[in-house]
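So you can see what is in the structure, the chains are spelled out below.
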Amino acid sequence: MIRLYISPLTAELELQQDSEKASKMSAYMKGMFSYYGVSSVPRKLIYKKWKSKIDPTLTQKYNWELIRELWDMDQREYQYIAIDWMNSWPVSAYREEDIEELRFLISNKSWWDTVDLIASNYLGKYALKFPEIMDQVIIDWQHEKSIWLHRSCLIYQLKHKRATNLERLSYLINVYKSNNTFFIQKAIGWSLREVSKWNPEWVKDMVENKRLTGLAKREASKYIPTK
């Protein structure tokens, strides 16, 4: 049954494919993924048409099976469409066990283009709906080797604004600040930069008290006025 949804999507993407754009898109992602060369605007139109034909009565379990199938496809556009679709699901449809699916997606075919969209959207909303489960996730993912799971912990609150758990963020920064990986330092700075839009003094104190330097400090201090 899943192939009934994948086949027409493939047909639409192949119709729009552009080898020159595909080469450039792959190069931008450091050759990690192959592409059809379908840019954002036509891809969104393809997604919208495809989404309209998905049976709205499908169970959440089946929805995740379809997401996994899209994740297994070679061209990166399939993963972008998968994320667009899952991020459109109402929070009322979220289940506690979704966290295992999110962990899979974040840990496989991982790069910033997919991880950041999942973490700041689905994972962020999931955390607000299931805060106690997220408490355990934060602990569990610390012991994982994947920097993408670590980055997700740092940025899942990006859209929480004043609902951001500052105590949690402070704890996470303390856990990961010694990791000099670009994507971790960037995530630390990014998470603080968002908070600085409404609580610059807290961020300023964090930068000083945590002795942040380099990329993390630059990103965190971007919107903080200097004397």
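For the structure, see preceding data.
This report concerns the structure included in the present document. (Residues numbered from 1 in each chain as written. Predicted model: local features only at pLDDT ≥ 70, side-chain atom pairs only at ≥ 80, totals over all residues. Heavy atoms only, no water.)

### Description of the overall build of the protein chain
Link 1 in the chain: Each helix and strand counted, the protein chain has 13 helices and zero strands in total.
Link 2 in the chain: Listing the helices and strands of the protein chain from first to last along the sequence gives α-α-α-α-α-α-α-α-α-α-α-α-α.
Link 3 in the chain: What you see for the protein chain is a C-alpha radius of gyration of 19 Å, in line with the 17 Å of a compact globule of 227 residues.
Link 4 in the chain: Seen through its C-alpha atoms, the protein chain measures out along the principal axes to roughly 55 × 40 × 30 Å.
Link 5 in the chain: Taken across its 227 residues, the protein chain has 50% of its residues classed as buried. (Helix = DSSP H or I, 4+ residues; strand = E, 2+ residues; numbered from the N terminus. Rg over C-alpha atoms; globule rule 2.2 N^0.38 Å. Buried < 20%, exposed > 50% of the residue type's maximum accessible area, 1.4 Å probe, protein only.)

### Describing the pattern of salt bridges
Link 1 in the chain: According to the stated counting rule, one finds 14 salt bridges in the structure shown.
Link 2 in the chain: In this structure, the salt-bridge partner of aspartate 116 is arginine 151, at a minimum N-O distance of 2.8 Å. Remark: arginine 151 occurs in helix 9 (residues 147-155) and aspartate 116 occurs in helix 7 (residues 112-129); sequence separation between them is 35 residues.
Link 3 in the chain: Here arginine 151 falls in the buried class, since its relative accessible area comes to 3%.
Link 4 in the chain: Among the charged side chains, a salt-bridge network with shared partners connects Arg95, Glu97 and Asp98. (Salt bridge = Lys/Arg side-chain N within 4 Å of Asp/Glu carboxyl O.)

### Considering the packing of helix 10 (residues 166-176) against helix 11 (residues 182-196)
Link 1 in the chain: Packing of helix 10 against helix 11 leaves a shortest axis separation of 11 Å and a crossing angle of 160 degrees. What the angle tells us is that helix 10 and helix 11 run roughly antiparallel. Regarding helix 10 and helix 11, the two cross each other, and that crossing is left-handed. For the pair helix 10 and helix 11, the contacting residues are Leu166, Leu169, Ile173 and Tyr176 in the first and Ile184, Gln185, Ile188, Ser191, Leu192 and Val195 in the second.
Link 2 in the chain: For the contact of helix 10 with helix 11, a count of residues per class yields eight nonpolar, two polar and no charged. (Axes fitted to C-alpha atoms, helices over the stretch in contact; angles between N-to-C directions. Parallel < 35°, antiparallel > 145°, perpendicular 65-115°, else oblique. Left-handed = near helix turned anticlockwise from the far one by under 90°. Contact = heavy atoms within 4.5 Å. Nonpolar A, V, L, I, M, F, W, Y, C, P; charged D, E, K, R; others polar.)

### Here's the deal with helix 4 (residues 60-72)
Link 1 in the chain: With 13 residues, helix 4 ought to run about 18 Å at 1.5 Å a step, and its terminal C-alpha atoms sit 19 Å apart, in line with that.
Link 2 in the chain: Those residues of helix 4 that fall on the buried side of the exposure criterion are Gln60, Tyr62, Asn63, Trp64, Leu66, Ile67, Leu70 and Trp71.
Link 3 in the chain: Where the residues of helix 4 are buried, they touch helix 1 (2-16), helix 3 (40-51), helix 5 (76-86), helix 6 (98-107) and helix 7. (Expected span 1.5 Å × (residues − 1).)

### Here we look at the packing of helix 3 against helix 5
Link 1 in the chain: At a closest axis distance of 10 Å, the pairing of helix 3 and helix 5 adopts a crossing angle of 55 degrees. With respect to each other, helix 3 and helix 5 are oriented oblique. In the packing of helix 3 onto helix 5, the handedness of the crossing is right-handed. Contact residues: Arg43, Lys44, Tyr47, Trp50 and Lys51 in helix 3; Glu77, Tyr80, Ile81, Asp84 and Trp85 in helix 5.

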